[in-house]
Amino acid sequence: MSTKAPNPVDKYVGSRVRMRRIMLGMSQEKLGEALGLTFQQVQKYEKGTNRVGASRLQQISEILQVPVSFLFDGGPSGTANTDGFSEGSSPAYVSDFLATSEGLALTRAFTRITDAKMRRSIVDLVEQIATREGPDQR
């Protein structure tokens, strides 16, 4: 294989690192400092360009205050699956959405709403807006 395309697992783990780092309000520079790396190296990890070693995964999970398994949850597995998802995983668009700043901001704000009826009303509103926008693009 002559092209150096990132491995799907490396990309997924990197996106989970990015998502958690953003959830904590941590910059790439701060994470890099905690790891003894440059922010450019953190960028490469987050894009999946560079593979993260086992000891570095452990270190990242401690800094981000999550178990190592969090970085792999819902990701691609090494075995083929007929529908493209491992059992219990979320579709890729969910992970992609949560990896954006808008997705994280919306999720953070939504989870702070304690009134279940209010949350349901918000979901209904967003679904109505999406219906007016056009068909589902997934």
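Residues numbered from 1 in each chain as written. Predicted model: local features only at pLDDT ≥ 70, side-chain atom pairs only at ≥ 80, totals over all residues. Heavy atoms only, no water.

- The name an unreviewed UniProt entry gives the chain is Transcriptional regulator, XRE family, with Bradyrhizobium lablabi as the organism.

## Things to note about the nonpolar core
Now for step 1: Of all hydrophobic cores here, the largest spans 17 residues; its most connected members are Val-17, Leu-31, Ile-60, Leu-64 and Leu-71.
Now for step 2: Of all the secondary-structure elements, those providing two or more residues to this core are helix H1 (8–23), helix H2 (28–35), helix H3 (39–47) and helix H4 (54–63).
Now for step 3: Counting residues per element, this core draws most heavily on H1, which supplies four residues.
Now for step 4: Setting aside its immediate chain neighbours within four residues, Ile-60 contacts Val-17, Leu-35, Tyr-45, Val-52 and Leu-71. (Core = buried A, V, L, I, M, F, W, Y, C linked by side-chain atoms within 4.5 Å. Buried < 20%, exposed > 50% of the residue type's maximum accessible area, 1.4 Å probe, protein only. Helix = DSSP H or I, 4+ residues; strand = E, 2+ residues; numbered from the N terminus. Contact = heavy atoms within 4.5 Å.)

## Comments concerning the packing of aromatic side chains
Now for step 1: Here the structure, examined in full by the defined rule, presents zero aromatic pairs.
Now for step 2: The lysine or arginine in question, Arg-16, covers the ring of Phe-70, its NZ or CZ lying 4.1 Å from the ring centre. (Phe/Tyr/Trp six-rings, centres within 6.5 Å; stacked < 30°, edge-to-face > 60°. Lys NZ or Arg CZ within 6 Å of the ring centre and 35° of its normal.)

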